[in-house]
Amino acid sequence: MAINWFKYSSPASFYSLAGKMTPLFSITAFALFVAGLYIGFFVAPTDFQQSEAYRIIFIHVPAAWMSMFLYLIMASWAAIGLAFNTRLSSMIATAIAPTGAMFTFLALWTGALWGKPMWGTWWVWDARLTSELILLFLYIGFMALQAAIDDPRRADKAGAVIALVGVVNIPIIYFSVKWWNTLHQGATVSLTQSPKMAATMLTSMLIMGLACWMYSIAVVLMRTRTIILERERHTMWVSELQGTA
Amino acid sequence: MFLWVIQRDLLLAMRQRADVLTTLFFFIIVVSLFPLGVGPEMNMLRIMAPGVVWVAALLSSMLSLERMFFSDYLDGTLEQMLLSPQPLSLLVLGKALAHWLVTGLPLVLIAPVLGIQFNLPMDSLLVLTASLLLGTPVLSLIGAIGAALTLGLRGGGVLVSLLVLPLYIPVLIFGTGAVEASSVGLGASTHLSLLGALLLASLVLTPWAAAAALRISME
Amino acid sequence: MLKVSDLECMRGERSLFKDINFSLEAGELMQVNGPNGSGKTSLLRMLCGLAIPVHGEIRWCGNAIRSLDEEYHNAITYLGHLNGTKDNLTAIENLRISSALAGNEIDESEGYMALRHMGLGGCEILPVKVLSQGQRRRVALARLLVCRTVLWILDEPLVALDSAAVKLVQSLLVQHLDQGGMVVMATHQDINVAAVITKRLQLA
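Below you will find a few notes about this structure. (Residues numbered from 1 in each chain as written. Chains lettered and ligands numbered in written order. Predicted model: local features only at pLDDT ≥ 70, side-chain atom pairs only at ≥ 80, totals over all residues. Heavy atoms only, no water.)

**Here we look at the environment of Lys157 of chain A**
Right, so step 1: Checked against the element boundaries, Lys157 of chain A lands in helix H5 (residues 152-183).
Right, so step 2: Spatially, the C-alpha atoms of Lys157 of chain A and Ala78 of chain A are 7.6 Å apart, while their sequence positions differ by 79 residues.
Right, so step 3: For Lys157 of chain A, the side chain forms a polar contact with the side chain of Glu219 of chain B, separated by 3.2 Å. (Helix = DSSP H or I, 4+ residues; strand = E, 2+ residues; numbered from the N terminus. Polar contact = N/O pair within 3.5 Å; in protein donor to acceptor, adjacent residues only side chain to side chain.)

**Describing the sheet that holds strand S1 (residues 2-11) of chain C**
All names here are of chain C.
Right, so step 1: Strand order in the open sheet formed by four strands is S2-S1-S4-S5, with antiparallel pairing between adjacent strands. At either margin of the open sheet sits one strand with a lone partner, and together these are strand S2 (14-24) and strand S5 (63-64).
Right, so step 2: Across five bridges, S1 lies against strand S4 (residues 55-60) in antiparallel orientation. Each residue of the ladder has a partner; that of Glu8, found in S4, is His55.
Right, so step 3: With respect to the sheet, helix H1 (residues 40-48) is in contact with S1, S2 and S4, its orientation differing from that of S1 by roughly 130 degrees. (Pairing = 2+ DSSP bridges. Contact = heavy atoms within 4.5 Å. Axes fitted to C-alpha atoms, helices over the stretch in contact; angles between N-to-C directions.)

**Concerning the interface of chain C and chain B**
Right, so step 1: With 29 residues of chain C at the contact, the number on the chain B side is 29 residues.
Right, so step 2: For the pair chain C and chain B, the summed buried surface comes to about 2,600 Å²; carbon and sulfur atoms form 59% of the total.
Right, so step 3: For the pair chain C and chain B, the interface holds four salt bridges.
Right, so step 4: The partner of Asp75 of chain B in a salt bridge is Lys86 of chain C, with the nearest N and O atoms 2.9 Å apart.
Right, so step 5: At the junction of chain C with chain B, the criterion picks out 13 residue pairs in polar contact (both at pLDDT 80 or more).
Right, so step 6: Residue contributions to the side of chain C that touches chain B peak at five residues, all from helix H4 (residues 91-101) of chain C.
Right, so step 7: Its residues assigned to classes, the side of chain C that touches chain B shows 13 nonpolar, eight polar and eight charged. (Buried area = accessible area lost by both parts, 1.4 Å probe. Salt bridge = Lys/Arg side-chain N within 4 Å of Asp/Glu carboxyl O. Nonpolar A, V, L, I, M, F, W, Y, C, P; charged D, E, K, R; others polar.)

**Some remarks on the pairing of strand S3 (residues 28-33) of chain C**
All names here are of chain C.
Right, so step 1: Summarising burial for S3: six of the six residues are buried, a large majority.
Right, so step 2: Alternating residues of S3 divide into Glu28, Met30 and Val32 and Leu29, Gln31 and Asn33, and every residue in both groups is buried.
Right, so step 3: Of the strand pairs in this sheet, S3 and strand S9 (residues 197-202) are connected by six bridges, and their pairing is parallel. Among the inter-strand pairings, Leu29 is bridged to a residue of S9, identified as Thr198.
Right, so step 4: Of the strand pairs in this sheet, S3 and strand S8 (residues 182-186) are connected by four bridges, and their pairing is parallel. Residue pairing in the sheet places Gln31 in a bridge with Met185 of S8. (Buried < 20%, exposed > 50% of the residue type's maximum accessible area, 1.4 Å probe, protein only.)

Here it is, written out as structure tokens:
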């Protein structure tokens, strides 16, 4: 099995590979979403404390996972782009940011929807919610910086620096927010003391997590393709592509 | 060399004293606005004081960030700095320290006076000043990265705040936490040592990141 | 000493120049010509290491300048089309600080001598903002008098200078080249540096 991975590090060959892979991931994502939501909404038992409202965690928790994973992945791609000067890695990092921000926003939003019946308020300054909010700011900062820079190469590199600075800071921010939260006890409602989770709940949550991964990969591939086309629009292979299309 | 940079930036600041005073007065005005906004009730103000002073310090430090590299960028001095045989990170460290001396230190010195306005007790005043003394250099150091990244961009000022403010959060938390902890009798030493740790970490790491950012922006 | 091979520069999506090859030995001057927008400044910034070429390599004494970095900076003096002087500092402060930044600390008397030589006698302690364009350029050029570097990279050094100052710069260049220095210079004006090897690079 000798696959020449470097072949796919060139935007042109990645473009066609991504084009073939996107439908695969999209279909898998869709199927998993359907399965996960079905189990989550119809099979999983009703929680005796929270009744039906708890079911939002099947979206909330995977979204929160993805928001964090995607930031790390984005920063790694950006770092690779910065270190090895590979254009494609930076393009992938740029493509990940909106999806990551979307999941962060989704996690916050569903968190608020969940908080209302649970705690009687849309928002509490809980350590996790607050860190998630800051994560959203970090995503927005990354995207705003890249949007403000006209030269794509400079945008890639500058974005990489801010993403890496963010990665170094995330543990510090999380720790400090947690610290801050314990200092101001009071309104805190712990999310971790939930009763033992039924197996079906866990299954559904894992399936949903997998579905979010597939969705993210599909969307990032599509977005990377668009970015490649935009940046390479003056090259030979893109004009050939247009000729055949 | 490093001293040359600091000396030069201080000299320039002395020739343009208005800039320094603007930052300082911005700080004073923002802090003074809060009692007007929330009412003159002394107990509440005393509780709010550390947060208000710290948020104002964050804002005024951020407001002056754009100046850190911009004028050097415009007149070509920054190019010369990039071509200096000295390590660029050392130069950046010098510039960040000069920025702190010009914008951060005055805030530290004026903060006790503002604390009195908020009826803070003596201990809290001391802790507040100490936390600002440890925390404001971190703001200048982290800010240097943001200033370097947004160099010469349109809307750079707003962008800098978007990039830098989330990174300021730990400093804010530990800074205000120190004052609160001391006022409830827990002792501020933990918070202050955490601030000190942040300062050390940023002294080591940020000049390096800001230097990389400057090279990228000047390319 | 300085060797450039296959250099290519992109501005946005447009290729400004490509396949630039030349080398420069001790005592040689290279004049870069070309109309506005042909990439003269970009080329000089690449030679300094400020900009990174999309393609090609620049070597100094056999080593790529990217790897030499600070060591290379010790060997060059760059004078961009911006003077690199601060408006609020005096001429002498500017000269001393910019020299110190370039790793060459000079004392006051040396600075005064250089400024007088550049015809700035009497302006030494005036802030640069009250000086004329030509005088500011002279302040910047005074750095060449005090620096001890081998390779000078000059971007339009003669702009805004009167004929006396142009002569001064010419003699400065001749002296530098006689001592085994090297100069890369972008200029529109024809400069008369007699009896030295002059290479020309024409950018389209």
